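Examination of the molecular architecture
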Amino acid sequence: MDRTRVTVMCADCSFESEHERLRDARVALDDHAATGHDVQWEIESLAAGVTQAGADAGVCGRPECTTADSPLLDPPGADSSEGDDGR
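Residues numbered from 1 in each chain as written. Predicted model: local features only at pLDDT ≥ 70, side-chain atom pairs only at ≥ 80, totals over all residues. Heavy atoms only, no water.

**Re the packing of aromatic side chains**
Spelled out, the test is: Planes of paired rings set the category: under 30 degrees apart is stacked, over 60 is edge-to-face and the rest tilted, where pairs are Phe, Tyr or Trp rings (Trp by its six-membered ring) whose centres lie within 6.5 Å. Think of it as a cone above the ring: NZ of Lys or CZ of Arg counts as a charge over the ring if it is within 6 Å of the ring centre and within 35 degrees of the ring normal.
The final tally for this structure, using the stated rule, is zero aromatic pairs. Across from the ring centre of Trp41, 5.7 Å away, lies the NZ or CZ of Arg26, which sits over that ring.

Printed below as a string of structure tokens:
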């Protein structure tokens, strides 16, 4: 299985860190950005399922940009008014 690889780097100092989870990379980015530095990240690769979900959703998520028959978009029961009788 492909793993997520993200590098967080600072343009203002030598800070750089690598992460296998987007959440961990985001925390590192936010923590270092609190210093006032210009911090960026580079996402080298994502797990196959994340890549597929992004492709199905399209760049902007608008209906005309999505893969309409994807099971990842609007799955049954995602809307609280469907399938759960309002529970």
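Now that the structure is up, let's keep going.
**Notes on a nonpolar patch on the surface**
Operational definition: The patches reported here contain residues having more than 30% relative accessible area and no salt bridge. Joining distances are 9 Å for like charges and 5 Å for nonpolar side chains (Val, Leu, Ile, Met, Phe, Trp, Tyr). Computed with a 1.4 Å probe, the accessible areas rest on the Shrake-Rupley method; for each residue, only the protein chains presented here act as cover. Here, a salt bridge means any Lys or Arg side-chain nitrogen found within 4 Å of an Asp or Glu carboxyl oxygen. Numbering of helices and strands runs from the N terminus, with a helix taken as a DSSP run of H or I at least four residues long and a strand as a DSSP run of E at least two residues long.
A contiguous nonpolar patch, built from Leu22, Trp41 and Ile43 and spanning about 240 Å² of accessible area, is present on the exposed surface. Turning to its location among the elements, Trp41 is positioned in strand S3 (residues 39-45).

**A few points about helix H1 (residues 22-33)**
Applicable threshold: Every helix has an expected span of 1.5 Å times one less than the residues it contains. Exposed residues in this analysis have more than 50% of their type's maximum accessible area, buried residues have under 20%, and partly exposed residues fall in between, with area computed by a 1.4 Å probe over protein chains only. Directions from the helix axis toward the C-beta atoms define the arc. In what follows, residue pairs with any heavy atoms lying within 4.5 Å of each other are defined as contacts.
A rise of 1.5 Å per residue sets the reference length of H1, with its twelve residues, at 16 Å; its end C-alpha atoms lie 16 Å apart and thus fit the reference within 8%. Every buried residue of H1 is accounted for by Ala25, Ala28, Leu29 and His32. All buried residues of H1 fall inside an arc of 100° around its axis, so they share one side. Away from its buried face by more than 90 degrees, H1 exposes Arg23 and Asp31. Where H1 is buried, its residues contact strand S1 (5-10), strand S2 (16-19) and S3.

**With respect to the environment of Ala47**
Looking at the secondary structure, you find Ala47 in the loop between S3 and helix H2 (48-57). Residue classification places Ala47 among the buried residues on the basis of a relative accessible area of 16%. Sequence-wise, Ala47 and Arg5 are 42 residues apart; in three dimensions their C-alpha atoms are separated by 9.0 Å.

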